[in-house]
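Chain and residue survey
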Amino acid sequence: MKQELFQVQRAGGIQTRLPAEPINAAEAVNLVVDQRTGGWSTRIGYEPYSPDLSSLFSPFNGMGPVTSLHIAQALAGGARQHTLLEADGSLYLVFEARGTGARSLRELASGRHAPTPTEPGSWYTDTPYGTVITNGVDQPVIVRPWPLDSSPSAATLAQCIRPFGFVSLPPSPEPYGVEPMPGRVAAAVAPTLPPPPGGNRMALWCPTDAASISDGGRWGLGLFENESTDRYKQESLFGYVVAFISSTGSEGPVSSMATVSWQLLPHSYGFRLAVGVSIPLGPAGTVARKLYRTANFSADSASPDNTALYFAGLVRNNVETVFFDAVRTSETGQSAPDIATGPMPAPRARFSALFKGCFFLDGGLDDARTLYFSAPGLIEQFDPRNYLELSAEGGAITAIFGDYTALVVFRENSIDLVQGDYNTGFQVSVLSNGITCRAPHSIQTVPGLGVLFLAQDGVYALVGGTVGGSQAQLVNLTEQMDQVTRRITPDCRPRAVAVYSATAREYQLYVPVDGNDRPNLGVVFHTNLLDGDGQPWSTREGFPVGAVAARHDGTVVFGHHTGDEDATPGSERGLFVISGARSLGTLYDPVPQTYSAAEAPTSKYRTAWFDFGDAQTQKQVNYVTVWVLTTGQPRITVRHYKDFRLSPVEERTYYAQPPDAADLPTFDLATLGTDTYQESRLVPIRVSIAQQSCAQFSFELETTDDLILVGWEAMYTSKGTQVIFGKRA
């Protein structure tokens, strides 16, 4: 009987929905996409981030689970790259300055909130002024660990982190008392000088005659003459406030007003007075202080009770404590800006984002349906009127994410979009009711696709735009593999973490499954498979990811999800790099006290169940040929199954060597220049199938060696035998 051939030129990814496309897989575990062929490569593993001869986990010895990780890119090419992580309630900087030998760990803050299994780790937002860190419990902080010398002291490190925003009103300035100058009682009589002032009083006089000094008559406050007894009763009254300016250029709220008043001595004229003001020092991060002043608002002045503030002076440091004010009211600057009159509006914010030049914060658990936004370009300057109150139906905010054309606001029961800008006003619209994200660290932008995130029923992509007639849409990317996403531990979904690597072209999502309280399964979306007919998903097992981030070159770094909670001597802890090392971390041998590479991950590819086009017709598969790219002596185990059975019909192990030619030189055994070792070769591995007839067929490949699965083909015969009827009850 003539045999028929079914061929798959490029094997696809995971599809668990039935009936499945035969080019896809029921399982694709610990595989990456080979850039040359588009096939599945087994070159995947992880290794310590900071290997040291004395200890492979230095400087992370004694560290518990890593609950958050962020790598800030402050300059192109990684020239200024900061690695921040949290573990055991402390925030650390991985110090990697040249000239210090091995990497070291520097603690920036302690006593911080450690998330529970149902809470996400801290949220990081990079800004031009540093990285803002929020977690919903502790006060938000901003970190800028540059510049640092090769051996920073504790005092220097303390300057790298400070509270974000203005947490309270500044202390009021304290004007010195004014000691009036008597002036001349007659043109030919010299003025009588007052006795030296005592206590907190000053006599600072300014001539009112324009000819007395250069530019005379321009300076001084209050009245300048008192030629009668009645005039002596008139008062000069001025008020002062101060505002701090932070290193982000933001101006904080003004202090309460402090006043100073005085009356001229009888029969004095020709002098105005200057006021000495004691100004408070600002908190960490203050780079300047602004002083504002009123005009004379005494009861007998031209503008009684008018306490409008005007710019009086700028102190461009946070060191000097005395300011001398001699500016005439007509010469004062612009009016004080209408800025916040209280502390930062969200002291327990959980999430933040930059959008249209404004810095957005959620209100935290106590104010979970409000968004606050700063002035453009001034990330710490919040007007109390600048907020958006979201509808009650959507529930609490679970994440905010700045996209190109909109700020995406994920909520418990909906997804909202914030559009517009600061000048025209921000508007909120509802994108979806029912689809949402409760795993904030799963949100990543994937170029060419959109914003990917883990929803309640799978991984979605927010595609399209919101301007120019484009319409935003939500697309479920995992509807063909629900059996994988249904394994996620529901209450621990917030612990899911994700990263996008432009180098690997992968969106890597690590989730807790099967009742675990920390991520123990990786679900990987391979963007370079989008141009094919197969599914772009695979899974990753054996990677202890607690938090994950990417370096400037696309290298994926993760923090161990257990650390010293595993008391086994030499157990892994700290940071690791996902690489092509083909080992699952390191092993510790306690007798010689040495470390070595752990076993290679087990890579598996199992095809989807397929029926060759007709499920009720019995087929007899004779051969399966697997095309692999190999460079030597890898071993590969092949199993085949029939009709949805859980146990294989047969299992065999093969060498990935060409069947009808001389063996390829084996890496590490061949000598370069003699047995020429140039590049990998495409080799067919033909497997004889003996399982009689079946309606559905599947086979599986498993290996711990280095090879690349490109495609496969099956040869079968069919006598046309069909199922007549089912079993009767």
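Please refer to the structure placed before this passage.
Predicted model only: the values in this text are computed from it and were never measured. (Residues numbered from 1 in each chain as written. Predicted model: local features only at pLDDT ≥ 70, side-chain atom pairs only at ≥ 80, totals over all residues. Heavy atoms only, no water.)

**Comments concerning the sheet that holds strand β31 (residues 407-411)**
The antiparallel open sheet is built from 4 strands, whose spatial order is β30-β31-β32-β33. The sheet is open, and its two borders are formed by β30 (397-402) and β33 (425-433), each paired with just one other strand. Neighbour to neighbour, the strand axes of the sheet diverge by 20 degrees on average, direction disregarded. Relative to β33, strand β32 (residues 414-421) runs antiparallel, the two being bridged by 8 bridges. Paired with G420 across the bridge in β33 is F426. (Pairing = 2+ DSSP bridges. Helix = DSSP H or I, 4+ residues; strand = E, 2+ residues; numbered from the N terminus. Axes fitted to C-alpha atoms, helices over the stretch in contact; angles between N-to-C directions.)

**Describing the sheet that holds strand β12 (residues 141-143)**
Reading across the sheet, the 4 strands line up as β10-β11-β12-β13 and stay open at both edges, with antiparallel pairing between neighbours. A single partner strand is all that each edge strand has here, and the edge strands are β10 (123-127) and β13 (161-163). The sheet shows a mean angle of 25 degrees between the axes of neighbouring strands, direction not considered. Where strand β11 (residues 130-134) and β12 come together, 3 bridges link them in antiparallel fashion. By the bridge assignment for β12, V132 is matched with I142.

**A word on the packing of aromatic side chains**
For the structure on display, the rule yields 31 aromatic pairs. Consider the rings of F57 and Y595, whose centres lie 5.4 Å apart with planes at 90 degrees: the pair is edge-to-face. Pair noted here: F57 is in the loop between β5 (45-48) and β6 (66-75) and Y595 is in strand β46 (residues 594-597), with a separation of 538 residues, a long-range link. When its relative accessible area of 25% is taken as the criterion, Y595 is described as partly exposed. Ring geometry for F612 versus Y716: centroids 4.1 Å apart, planes at 35 degrees, classification tilted. Highlighted residues: F612 in the loop between β47 (603-607) and β48 (620-630) and Y716 in strand β53 (residues 708-717), separated in sequence by 104 residues. Each of the two residues, F612 as well as Y716, counts as buried. Joined through ring pairs, the aromatic side chains of F6, F610, F612, F697, F699, W712 and Y716 make up one cluster. The positively charged end of R540 is found above the aromatic ring belonging to F543, 5.9 Å away from the centroid. In this structure, R606 is placed above the aromatic ring of Y641, and the distance from its NZ or CZ to the ring centre is 3.8 Å. (Phe/Tyr/Trp six-rings, centres within 6.5 Å; stacked < 30°, edge-to-face > 60°. Buried < 20%, exposed > 50% of the residue type's maximum accessible area, 1.4 Å probe, protein only. Lys NZ or Arg CZ within 6 Å of the ring centre and 35° of its normal.)

**A few points about the pattern of salt bridges**
In total, this model carries 21 salt bridges according to the counting rule given. The residue R162 makes a salt bridge to E380 at a minimum N-O spacing of 3.0 Å. Of this pair, R162 sits in strand β13 while E380 sits in the loop between β28 (370-373) and β29 (387-389), and the two are 218 residues apart along the sequence. For the pair formed by R162 and E380, the shared burial category is buried. Across the salt bridge formed by R540 and E506, the nearest N and O atoms sit 3.6 Å from each other. One end of the pair, R540, is in strand β41 (residues 537-540); the other, E506, is in strand β39 (residues 506-511), with 34 residues separating them in the sequence. (Salt bridge = Lys/Arg side-chain N within 4 Å of Asp/Glu carboxyl O.)

**Observations regarding the nonpolar core**
Y507, V511, W537 and F697 are the most contacted members of the largest nonpolar core, which has 57 residues in total. Counting 17 residues, the second largest nonpolar core, distinct from the first, contains V545, V548, A550 and F576. (Core = buried A, V, L, I, M, F, W, Y, C linked by side-chain atoms within 4.5 Å.)

**Notes on the side chain of H640**
By the element assignment, H640 lies in strand β49 (residues 635-642). Polar side-chain contacts of H640 include one of 3.2 Å to the side chain of E650. The residues touching H640, leaving out its near neighbours within four places in the chain, are P648, V649, E650, I689, A690, Q691, F697, S698 and F699. (Polar contact = N/O pair within 3.5 Å; in protein donor to acceptor, adjacent residues only side chain to side chain. Contact = heavy atoms within 4.5 Å.)

**Examining the pairing of strand β26 (residues 352-355)**
Sheet topology places β26 next to strand β27 (residues 358-362); 4 bridges connect them, and they run antiparallel. Within the sheet, the bridge partner assigned to S352 lies in β27 and is L361.

**Here's the deal with the side chain of R493**
By the element assignment, R493 lies in the loop between α2 (482-485) and β38 (497-501). Here A455 takes part through its backbone oxygen, which lies 3.0 Å from a polar atom of the side chain of R493. Sequence-distant contacts of R493, that is, excluding residues within four places in its chain, are made with R438, A439, L454, A455, Q456 and I488.

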